[in-house]
Every structure is written in structure tokens, then in C-alpha cells.
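# Coordinates in review
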Amino acid sequence: MAELSMPALRLLRSVFGYDSFRGAQAEIVELLSAGGDALVLMPTGGGKSLCYQLPALLRAGCGIVVSPLIALMQDQVDALLQQGVKAAFLNSSLDAATAMATERRLLAGELDLLYVAPERLLTDRFLGLLDRLAGENRIALFAIDEAHCVSQWGHDFRPEYIQLSILHERYPRVPRIALTATADALTRDEIRRRLGLGEARVFVASFDRPNIRYIVVDRDNPRGQLAAFLAGHRFDAGIVYCLSRKKVDETAAWLQTQGIAALPYHAGMDTESRRDNQQRFVRDDGIVMVATIAFGMGIDKPDVRFVAHLDLPKSLEAYYQETGRAGRDGEPAEAWMTYGMNDVVIHRQRIDESAAPEEQKRIERQKLDAMLGYCEAAGCRRSLLLRYFGEEHGPCGNCDTCINPPDLWDGTEAARKFMSAALRTGQRFGAGHLIDILRGKSTEKVAQFGHEALPTFGVGGDLDEATWRGVARQLLAGGLLHADAHHYGALKLTDAARPVLKGETTLMLRRQAARAKSARKRSAAPSPLLPRASGLFETLRQWRAATAREQGVPAYVILHDRTLHELASLRPQTPDELLGIPGIGAAKAARYGAALLAAVQEASAHDDGIIGTAAAS
Ligand code: ADP
Ligand code: ZN
């Protein structure tokens, strides 16, 4: 270990500007550098790239990185070039002359890392190149990124990935590393089998994303709630997920009228607009992308500060993946969702009406139930989420239920009233009408059906409408009520309702008021986790935006948010101090050091000036 860790640490420091390895990175780097194989399962933002980039630099020859994400290769390579690493890529977006030039550089030993699309790698031409390099021991390693693409059961299946087993057969002496953020055991086994990684050491990192704060709010006025949430994220980049294309278009248009830089993205748009919007999201600062789930795969923009869901995802797997796009850089980020009864009804209907076999529907219902359980959680949301993925975790202190534990109340009586209203109206109505009856509202519909005459009419006046909605939703989520897909979502009682109706059990429910309380609390005292932008931070951000534009690269490729925050708070005065800032290695210090130090100096002079004046007066 000692022999290897010194040069590895030196490179970590000088190239990437980091002081220490994270989690299993050190072990993985060491294993690869010594010629071993690894299978790495780490969540998004866990730091997978270093696991192959560093060994590629440490070993002789060029590291070959297989990635299906062609659209990202340019940015990945740009980021490496900024760090002084000799990197390039080969995929179908390059013209023939550029591709040839890259191949020549590969053969001439001028590259440390080469990113290749799988279909490109599998061509006779490229394999021929690899044969030549391998003969001279000049392939440092093979890294197979997004390795879950070999899984035929996953949604990202790529047939070419299966053929990547050829690397093992053809170049048995070259170390390989497969990486993925997909956690489940099935996918893991499939990767091992299909890529011939039976001997590889498996590294499974915790899937916790401690910097992401999870928040679920009861939906009452979704646009108002979204606007209030976004007010805490001015100038931040983020994603707003909606279920339908129509809602994406409408929400994006509405946000624009509110002065927010929002762009739409969904599969119904033409390819060009989609690409433009994605590009702007990645390259510009502070774009809010309003999108269907068609957006996000392979977006490795590190400074996405929030992911907001206006509709409920269909499973915790989907939710974890979508929210995981926030805060890859480790800086505080928020996963925020509005959740309402309609979500339950819509998802249950979708499953009921689908043509899928019964077994499949059963699994989908279970997944939905887990998702609902998360929304209705009275305890720590993070520990619930992680337990679902097989990890135990105590209360996190960084989710809404930890920060503002919801009150529980005995909802047995209310539940019985609600269910009795459903029973007495023939189980033919939705929640809205039932609540009107309970609260004794004389609506047209109530009159039409003569529901004023019911014994339940007006018996629920003691609870407000929001509380009743909460009761209905929790009964639905808990499976005591079922929304009938064939009758416009009419609420029917299930067998699970019987013990409550008969008074055999008590039912504890979450109180709805927690949201208002937390909203007030949050506006009064901004979260200490979300750094407030200082004047220097803003100056640095503007400098970064201009520099990025000049070079035609995304802002984060120049410097990450975290680096800007550290610069703004530590205020380095000398080139040496500058090198102590995380994310600034030798190449960036040489290139941007003068500009950064000047900005810091100017800000300090300015601040001194202000303090001086204040003291004098
Ligand atoms: P992944 O590919 O697993 O999603 P990345 O490799 O993109 O994650 O790394 C996520 C972020 O963490 C990047 O901003 C990266 O620079 C940073 N990072 C990785 N390793 C370290 C480390 N040892 N110290 C500090 N930051 C790190
Ligand atoms: Zn928590």
C-alpha cells in the first residue's frame, strides 16, 4: 500500500486538487494500479471517475474508457484537459479527419485517457489499434462506465455492452474496472457474468447522499408552492419533473412569466430544440429544466442544486435515480416534491388499466406502495429510503421529517366518518365530494343526489378541508381505500378497512399543519447548509461564466461551485494558499491563479474599505 499510495496521493493533489481519497477510492486505485479488476457500485456523485482516471495516469499507456453517453464525452474530456490530463474521445460525432488524428495520437502514446463509444470500440479497425497497443503493453486499463447497460432487464440496455466481454478474452492482462450507480444485486450479478468479471473485487459504497435534503409537501397550490420553493434557489440550476409533456410545456411557460430562466424538455419536442435546451442547461449558469423523465440519463452536471417533483414517481427506484441528479458535487442540494391524492389515484389507475400480466401489476403495486409509504413517512425519510435499498441508517437530521417531526394524531374516528360517507353514498364518489358531505357544504352535487339527508352530512365540520384531504390520502396510501379505475376514481373500501370501521384498531395519522410551520421556519432562518452567496462568490461566478463562454465549455469545467465557495470563504492570498483550495490543481493554478488571486485581493480591499468607513463614522 505504502509504495502506491504516495504517487497516487501526489497525483490526487497536483492534478485534481484534492487532499484525500473518498471512501473506497484509495483501495480501488491501488487495486487497479497493481493490475487487478474491480466492479464498483457507487451512487451518483460518489466519485467514480477518479477510480479509473488516477490508475490510468499511474500506469503506463492509455486508459480506454467505454461510455454510452456520447453527448457527454466532450464535456468529460474538456474537464480533464483543464486539469492538464491528455484526454480525447472517439465517437460518431467526430468527422473522419479528427477521428484519424485522435487515433494517431493514441498510437504515438500521446494520450492518457481515451473515451470511446462501445459501438466504436467493437469495430475491427479499433480492435486492430488496441491489438497493436496491447502488444507493446500500452493499454493502461479498460474502464466500463455505466456498466448496468449490459442488463437486459434495465431501462438502459445497450446490446453492444454484452459484446464488451471481448475485452477480457482478447486482452486478459489489461486490468478492467466496471462502474455503475445501479445498486441492486440482480444487476450486479449480471454485470459480473456478462463482462467476465468473476474474479473482480466488488466495491459497494453506501447509497446515502448526505448532502441531499429530502422534502415532501402536501399539494394544495402546486404553482404557488413551487414558486415559494424556487425563491430559495435564485440563480441555481435545477430540474422540475412533471408527468406529462403538456404539463412540462405549461409549467416552463409559467415559470418564464415569473422571471425564472426555465426551459422545457420532453420526448415530444424536435431533436434540435431538445439538444439546444439540454446544452443550455449544462453550459449556462442557473437554468431550471422543466422535464419529463425523458431528461436526465447521463446528465453529469455536478452543480444541479435541486430536483423538484410536481408529480409522484412510480417507484422509489425512479425517485432515487431522479433526485440523485442533484448535488453531485457534494454541496447542499434539495430534493423536493409535492404530493397529493390525485397521484395515488392516477398511478393506481395506470396499473389497473395496463395490459401487463397480473404478476407484473402486483410488483408495480408494491413499488407504488413503497413510494406512498415514503411520502406519508412520519419518521426520517432518508432512513426509510435507504432501508428500501437494504441499508440501515439512523435519523439523518437533514430531511423535512427530521427537521420538523410531524405531529401524529388519532385519526380513527375521522377515518370511520370518512369511510362511512363513502359507504352511504354507494362507494361511487371521489374524495372531493365526500369531504363536502362531511363538512356539510351544500354544493350543487350534494343537492343533486340529495346527500344533505345523509346522517354523515356535516358530521366532519370540526376538521378543515386540508385535514380531511390528508385523511383521505392516508387511507388511500395505506390501502384502506381503493380508487376504482373504472368509475372515475370512485373510492371503495378494501378488506383492510374493516378493523378500523369496527373499531378494532386505532389509526394514527400525520397532521397536515407541519408544512406551514416548516415554511415559516425556513424563511425566517435560512438553512446553514445552504451557503449564502457572498459578494466575492458572485464576482467569482461571473468571472467563471465569462471564462467558460470564452472557451465554449460548461462553467463547472472551469471550477466547481464548491471551489468557488472555498475561495470566497478562505480567501487565499498566495499561489501556495491557492493550491490548498479543493479542486485547484497545478494546471488550473497556472492558468487561472492570477485572475483568482486578483479577485480575492480586490474583494478584501473593498471589504476593508467598508469596515474602515463604518468604524470611522
Ligand atoms: P460519479 O461519477 O460517481 O457520479 P464523479 O466522479 O463525477 O462522481 O465525482 C463527483 C464529484 O466529487 C466531482 O465533483 C468530483 O470532482 C468530486 N470528487 C471525487 N473524488 C473526490 C475526492 N477524493 N475529494 C474531493 N472531491 C472529490
Ligand atoms: Zn431524516
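The sections below set out a description of the structure shown in this document. Every value quoted in this text rests on a predicted model; they were computed, and no experiment measured them.

Attention now moves to the sheet that holds strand β1 (residues 38–41). With respect to topology, seven strands assemble into an open sheet ordered β3-β4-β2-β5-β6-β1-β7, the strand pairing being parallel. Unpaired on one side and paired on the other, β3 (87–90) and β7 (201–204) mark the two borders of the sheet. Shown here is a sheet whose adjacent strand axes are inclined to one another by a mean of 20 degrees, direction ignored. Where β3 and strand β4 (residues 113–116) come together, four bridges link them in parallel fashion. Counted as the bridge partner of L90 is V116 from β4. Where helix α3 (residues 48–58) meets the sheet, its contacts fall on β1, β2 (62–66), β4, β5 (139–144) and β6 (176–180), and the angle it forms with β6 comes to roughly 165 degrees. Contacts from helix α4 (residues 70–82) reach β3 and β4, with the element oriented near 165 degrees to β3.

Two elements in contact, helix α14 (residues 316–323) and helix α17 (residues 381–388), have axes separated by 10 Å at closest approach and are oriented at 115 degrees. For the pair α14 and α17, the sense of crossing is left-handed. When α14 is examined against α17, the residues L316, E317, Y319 and Y320 are found in contact with a partner set consisting of L384, L385 and Y388. Looking at the contact of α14 with α17, its residues break down into six nonpolar, no polar and one charged.

The next subject is the pattern of salt bridges. Applying the stated criterion across every chain yields a total of 35 salt bridges. In this structure, E103 engages R125 in a salt bridge whose closest nitrogen and oxygen atoms are separated by 2.6 Å. Highlighted residues: E103 in helix α5 (residues 96–107) and R125 in helix α7 (residues 124–135), separated in sequence by 22 residues. Each of the salt bridges in this network shares a partner with another, and the network as a whole consists of D285, R305, D329, R544 and D561.

Regular strands have side chains that alternate between both faces of the sheet. With respect to burial, strand β9 (residues 237–241) is a largely interior element, five of its five residues being buried. Residue alternation in β9 divides its side chains into two sets, A237, I239 and Y241 and G238 and V240, and both sets are buried. Pairing between β9 and strand β12 (residues 304–309): five bridges, direction parallel. Residue G238 lies in a different strand from β12, and its bridge partner there is F306. The pairing of β9 with strand β11 (residues 288–291) spans four bridges and is classified as parallel. Bridge pairing in β11 places Y241 opposite A291.

Further remarks concern the coordination of the zinc ion (ligand 2). Taken together, the protein donors to the zinc ion (ligand 2) comprise C380 (SG), C396 (SG), C399 (SG) and C402 (SG), at separations of 2.3 to 2.4 Å. Considering all four donor atoms around the zinc ion (ligand 2), the spread of angles at the metal, 103 to 118 degrees, places the coordination shape in the tetrahedral class. Within one chain, the residues serving as donors to the zinc ion (ligand 2) are arranged as C-x15-C-x2-C-x2-C.

Turning to the packing of helix α16 (residues 358–375) against α17, a few remarks are in order. In the contact formed by α16 and α17, the axes pass within 9 Å of each other and the chain directions differ by 160 degrees. As judged from the angle between their axes, α16 and α17 are roughly antiparallel. You can see that α16 and α17 cross each other, and the crossing is right-handed. Residue-level inspection shows K367, A370, G373, Y374 and C375 of α16 in contact with α17, the latter providing R381, L384, L385 and Y388.

Conventions we followed
- Residues numbered from 1 in each chain as written.
- Chains lettered and ligands numbered in written order.
- Predicted model: local features only at pLDDT ≥ 70, side-chain atom pairs only at ≥ 80, totals over all residues.
- Heavy atoms only, no water.
- Pairing = 2+ DSSP bridges.
- Helix = DSSP H or I, 4+ residues; strand = E, 2+ residues; numbered from the N terminus.
- Axes fitted to C-alpha atoms, helices over the stretch in contact; angles between N-to-C directions.
- Contact = heavy atoms within 4.5 Å.
- Left-handed = near helix turned anticlockwise from the far one by under 90°.
- Nonpolar A, V, L, I, M, F, W, Y, C, P; charged D, E, K, R; others polar.
- Salt bridge = Lys/Arg side-chain N within 4 Å of Asp/Glu carboxyl O.
- Buried < 20%, exposed > 50% of the residue type's maximum accessible area, 1.4 Å probe, protein only.
- Donors = N, O, S within 2.8 Å, 3.2 Å for Na, K, Ca; no water.
- Tetrahedral: all angles 85-135°; square planar, octahedral: opposite > 155°, others 65-115°.
- Parallel < 35°, antiparallel > 145°, perpendicular 65-115°, else oblique.

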